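# Tertiary structure, described
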Amino acid sequence: MQLFYNPNIQDSDTSFQFDKEESKHIVKVLRKKESDIIHISNGTGRVFISEITLASERKCEVKIIDTIFHEPLNYKLHIAVAPTKMNDRFEWFLEKATEIGINEITPIICDHSERKVYKIDRAEKIIQSAMKQSLHYYLPKINEPIRLSEFLQKEHQDIKCIAHCEEQDRKAFKNIVTSGKNILILIGPEGDFSTKEIELALKNNFIPVTLGNTRLRTETAAIVACHTVALINE
């Protein structure tokens, strides 16, 4: 099955028209034709089973013949992670985390961050593509970048963890994660969180955790965290 994504399709729609760019991709690149059946998701758990009624490169139209609702995961995972110096490493994380299963991503700017500016336009496209490829029906949310100090001031109802490398009492992350519970984890930049940032997180009731016995790259640590939560919730 090939999944298409469009946030504009609504439950009440009986038909839908793709824009010119998507129409060209469907008809010219994928060679879809009239009467072909395609599946469309709006990223909120619904899949619209649709029949192509007009196959034009300028205007592809479909008739919706059925709608299926997929229940969300029984947990929510929010990873707040520092964008890496090499942008492709962070984009790799976005893709793989979406494939594994994640609800929300917040790029955080830290004291040791080598990348102080991050634009989410391309990130949104990567997440959309990964959602379609992996047949997920919920689109992860990516927030605008925020300084860690400001992020910590916000109210978070989840189990809150900070993964860092300083030699102090830390709990194994896998022992903190509980099936069916929402979780937020902070992943720092290449130079780790500063001591000041760690202390501030602890004051805000974040649990210090370790992701293993080896030192991981930022994007690897974020994927390990993502996969750990997914496995425990299987």
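An account of the accompanying structure is given in this report. (Residues numbered from 1 in each chain as written. Predicted model: local features only at pLDDT ≥ 70, side-chain atom pairs only at ≥ 80, totals over all residues. Heavy atoms only, no water.)

Assigned secondary structure in the chain consists of seven helices and 13 strands. Over its C-alpha atoms, taken along the principal directions, the chain stretches across nearly 65 × 35 × 30 Å. Put simply, 74% of the contacts in the chain that link residues at least 6 apart link residues at least 24 apart. Of the side-chain charges in the chain, 32 are positive and 34 negative, and the distance between the mean point of each set is 3 Å. (Helix = DSSP H or I, 4+ residues; strand = E, 2+ residues; numbered from the N terminus. Contact = heavy atoms within 4.5 Å. Lys, Arg positive; Asp, Glu negative; His and termini not counted. Charge placed at Lys NZ, Arg CZ, Asp CG, Glu CD.)

The five strands lie next to each other as β1-β3-β4-β5-β2, forming an open sheet whose pairing is mixed. Lying at the two open borders of the sheet, with one neighbouring strand each, are β1 (3-5) and β2 (15-17). Strand-to-strand twist of the sheet, defined as the mean angle between neighbouring strand axes without regard to direction, takes the value 40 degrees. On top of the sheet, helix α1 (residues 20-29) reaches β1, β4 (46-55) and β5 (60-69); it is set at about 90 degrees to β5, its chief contact. Running at roughly 150 degrees to β1, helix α3 (residues 121-133) makes contact with β1 and β3 (37-41) of the sheet. (Pairing = 2+ DSSP bridges. Axes fitted to C-alpha atoms, helices over the stretch in contact; angles between N-to-C directions.)

Moving on, we come to the packing of helix α2 (residues 87-100) against helix α7 (residues 218-232). Put simply, α2 and α7 touch, their axes get as near as 9 Å, and they point 5 degrees apart. The orientation of α2 with respect to α7, classified from their angle, is roughly parallel. Listed contacts from α7 to Arg89, Trp92, Phe93, Lys96, Ala97 and Ile100 of α2 are Glu219, Ala222, Ile223, Cys226, His227 and Ala230. Partitioning the contact of α2 with α7 into residue classes produces eight nonpolar, one polar and three charged. (Parallel < 35°, antiparallel > 145°, perpendicular 65-115°, else oblique. Nonpolar A, V, L, I, M, F, W, Y, C, P; charged D, E, K, R; others polar.)

Bringing the packing of aromatic side chains into the picture now. Within the structure shown, the criterion is met by four aromatic pairs. On the numbers, 5.7 Å between centres and 50 degrees between planes, the contact of Phe90 with Phe93 is tilted. Taken together, the residues Phe90 and Phe93, both in helix α2 and three residues apart, mark about one turn of the helix. Arranged with centres 5.0 Å apart and planes meeting at 75 degrees, the rings of Phe90 and Tyr118 form a pair that is edge-to-face. Separated by 28 residues along the polypeptide, Phe90 in helix α2 and Tyr118 in the loop between β7 (104-109) and α3 bring together distant segments of the chain. Phe90 sits in the buried class, given a relative accessible area of 1%. Here Tyr118 falls in the buried class, since its relative accessible area comes to 7%. Among the aromatic residues, ring-to-ring pairing joins Phe4, Phe16 and Phe18 into one connected group. (Phe/Tyr/Trp six-rings, centres within 6.5 Å; stacked < 30°, edge-to-face > 60°. Buried < 20%, exposed > 50% of the residue type's maximum accessible area, 1.4 Å probe, protein only.)

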